[in-house]
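Residue-level structure breakdown
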Amino acid sequence: MPERNSDPAERVEPARPAAGVVIRRTVESDWPQVKALRLEMLADTPLAYLETVEHALRRREWEWRAWARDGSSPESITVAAITAEGRWIGTMMSKVPHGQRGAFLYGVYVAPDHRGTSAGVTDALLTRIEEWALGRGDTLTLEVNEQNPRAVAAYRNRGFVETGVTRPYPLDPSLRELEMRKRLR
């Protein structure tokens, strides 16, 4: 799917497609799709994110525009997986937290009908994130809820290991977030 924005400053090259899917960075004009995918992911796996559907529905248009625009900023990256028909089926975001070395992975989602190693969507998104993260350090770190074994297994299969660091899940402190890290070099 070609970039919809004709502004050369916002034009980005898509990463390698997986099974006919284009992987590319988000730009401001993508905000309606960014919003729709965020609402889908929050409804699909609520404990995987630090936000509720109710909170996301209260966001204003300017917030969604900023979120989409930040996907192509020098400080962060948000990539989307988009089918040839234009359906947004996955996303990942990364940035380097202030004062830290190495990138952090956030907001990972792939639609249920495109999950799994054979679909290749997760791997294509992660490859693009890792390429970006390599320019910012040697590691990629994430947190995953202990009650999400499918995600923990998927990250392990892609080279992430648990660091032993845990913290309470902010939306339910009785649950824990597990820190996992992957060495990129």
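Whatever comes next refers back to the structure up there.
A short tour of the structure in this document, coming up.

Each value, and the rule that gives it
- Residues numbered from 1 in each chain as written.
- Predicted model: local features only at pLDDT ≥ 70, side-chain atom pairs only at ≥ 80, totals over all residues.
- Heavy atoms only, no water.
- Core = buried A, V, L, I, M, F, W, Y, C linked by side-chain atoms within 4.5 Å.
- Buried < 20%, exposed > 50% of the residue type's maximum accessible area, 1.4 Å probe, protein only.
- Helix = DSSP H or I, 4+ residues; strand = E, 2+ residues; numbered from the N terminus.
- Contact = heavy atoms within 4.5 Å.
- Axes fitted to C-alpha atoms, helices over the stretch in contact; angles between N-to-C directions.
- Parallel < 35°, antiparallel > 145°, perpendicular 65-115°, else oblique.
- Nonpolar A, V, L, I, M, F, W, Y, C, P; charged D, E, K, R; others polar.

What follows covers the nonpolar core. Grouped together as the largest cluster of nonpolar side chains are 43 residues, with contacts concentrated most on M92, L105, L125, L140, V144, Y155 and F160. Sort the elements by how many residues they give to this core and helix α4 (residues 121-134) lands first, with seven residues. Non-local contacts of L125, meaning those with residues more than four positions away in its chain, are made with I23, V79, A80, A81, G90, T91, M92, Y109 and V110.

Attention now moves to the side chain of E179. Secondary-structure assignment places E179 in strand β8 (residues 172-183). Those residues in contact with E179 that sit more than four places away from it in its chain are T141, L142, E143, V161, E162, T163, G164 and V165.

Before going further, it helps to examine the environment of I23. Within the secondary structure, I23 is located in strand β2 (residues 21-25). Residue I23 is classed as buried on the basis of its relative accessible area, which comes to 0%.

Interaxial distance between helix α1 (residues 31-44) and helix α3 (residues 61-70) falls to 8 Å at its minimum, and their mutual angle equals 95°. Put simply, α1 runs roughly perpendicular to α3. Contact residues: W31, V34, K35 and R38 in α1; E61, W64, R65, W67 and A68 in α3. Of the residues assigned to the contact of α1 with α3, the class counts are five nonpolar, no polar and four charged.

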